[in-house]
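Take a look at the letters that make up each chain.
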Amino acid sequence: MSTKADIAVTYDVSNEFFSLWLDRRMIYSCALFEGTDDLEQAQVNKLRFFHDKTKVTPDKRVLDIGCGWGGLMDFLALEMGVKDVTGITLSEAQHAAIRQKATPGVTAELVSYLDYQPAQKFDAVISIGMFEHIATPEQVRGGENVRVYRDYFRRAWQWTKPGAMFGLQSVIGALLPRKREDIRDLEWGTTTIFPGAITPRPEAILAAVNPYWEVMELYTRREHYAKTSAAWLQRLRQHETAIRARWGDQTFTDYERYLNGCVGVFEKGFQSLAQLVLRRVD
């Protein structure tokens, strides 16, 4: 699992910094560009996709593992009428932002999933963009990743009621780069922007869900993440002067390099994006 210090490097740069180039809900994950070229609408499409696929209704208790700045939770509570939504995060900046909003029906806890013990069980689980933080690069290299992933799915199983659905979104490894510069760019993004995290292979996820969850649907959205990254990059560049003045030249340079690299990684097929719909094995 990525440490709290790793998470701080990734997500605690500044809430105001991320607000300049993410969508208005500050959702830092792949959007769903179906029927639109607008980032704001594409993120709503993604949130609605998971709401529908996990069969969430206003009376159901929902857990968001790795809840970010609360965009999904706010959507469920404010726009879909869900009365009880809980999120967990390791980012102090994200947790503070959620508490400041104080959205009715939304609760956030600053806790690792490894330490989380809910008082009540949930009807549905959604986790978007957190799975990449579960296994460390060292655990993957040591062949421990499936065991670590399976423990994650076991915990989610324990937190849920019979009949629960689980919506999971994660970047996944795809083609292996052959050129030295492509390998270097991938390694740089992982160590500089996302230390302690690593992209899972899809076969590792599929192996690890057993015996706790059944894969009902699997979608890949590689082109959508290329488009999402390009939209973020455009917004970042629009605020270049402000970012350099407030957070320094290095921050702008690093994030421009990172987002530009993301566009290339997804366009070249080195990484993809998976959305899985899982059903609890009862």
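Each remark here, short or long, concerns the structure printed above.
Here, residues in each chain are numbered from 1, in the same order as that chain's written sequence. A pLDDT threshold of at least 70 governs which residues receive local features in this predicted model, and a stricter bar of 80 or more applies before side-chain atom pairs are shown or counted, although totals over entire chains, interfaces and linings include all residues. Values shown for side chains rest on all heavy atoms present in the structure; no hydrogens or waters enter the calculation.

## Observations regarding the side chain of Arg25
- For Arg25, the position within the fold is in the loop between helix 2 (15–21) and helix 3 (39–53).
- Here the term buried applies to any residue with accessible area under 20% of the maximum for its type, exposed to any over 50%, and partly exposed to those in between, with areas from a 1.4 Å probe on protein chains only. Overall, the relative accessible area of 12% leaves Arg25 in the buried class.
- Among the polar contacts made by the side chain of Arg25, one reaches the side chain of Glu79 at a distance of 2.3 Å.
- Should any heavy atoms of two residues lie within 4.5 Å, those residues are considered in contact. Beyond its immediate stretch of four places on either side in the chain, Arg25 contacts Val44, Leu47, Gly71, Phe75 and Glu79. A run of H or I in DSSP becomes a helix once it reaches four residues, and a run of E becomes a strand once it reaches two; helices and strands are each numbered from the N terminus. In the analysis that follows, any N or O atom pair within 3.5 Å is treated as a polar contact, provided that within protein one partner can donate a hydrogen and the other can accept it, and provided that, for residues neighboring in sequence, both atoms belong to side chains.

## Remarks on the pattern of salt bridges
- One side-chain nitrogen of Lys or Arg within 4 Å of one carboxyl oxygen of Asp or Glu is enough to make a salt bridge. Scanning all chains against the criterion turns up 19 salt bridges.
- We note a salt bridge from Lys101 to Asp74, for which the minimum N-O separation is 2.7 Å. Of this pair, Lys101 sits in helix 5 (residues 92–101) while Asp74 sits in helix 4 (residues 71–79); the two residues are 27 residues apart in sequence, bridging distant segments of the chain.
- Of the residues examined, Lys101 reaches a relative accessible area of 38% and is grouped as partly exposed.
- On the accessibility criterion, Asp74 (14% relative accessible area) is buried.

## Examining the sheet that holds strand 4 (residues 122–128)
- Strands pair, by our definition, only if DSSP identifies at least two bridges between them. Here we have seven strands laid out as an open sheet, ordered 3-2-1-4-5-7-6, and mixed in their pairing. For this open sheet the edge positions go to strand 3 (106–110) and strand 6 (213–220), each flanked by a neighbour on one side alone. Averaged over all pairs of adjacent strands, the angle between strand axes in this sheet comes to 15°, irrespective of strand direction.
- As paired strands, strand 1 (residues 61–65) and strand 4 are joined by three bridges and run parallel to one another. Across the sheet, Val62 pairs through a bridge with Ala124, a residue of strand 4.
- Across the sheet, helix 4 touches strand 1, strand 2 (84–89), strand 3 and strand 4, and the angle it forms with strand 3 is around 160°.
- Here the axes come from fitting lines to C-alpha atoms, over the contacting stretch only for helices, and the angles between their N-to-C directions go from 0 to 180 degrees. Lying over the sheet, helix 7 (residues 145–158) contacts strand 1, strand 4, strand 5 (160–173), strand 6 and strand 7 (271–280), oriented at roughly 150° with respect to strand 5.

Structural measurements only, silent on function.
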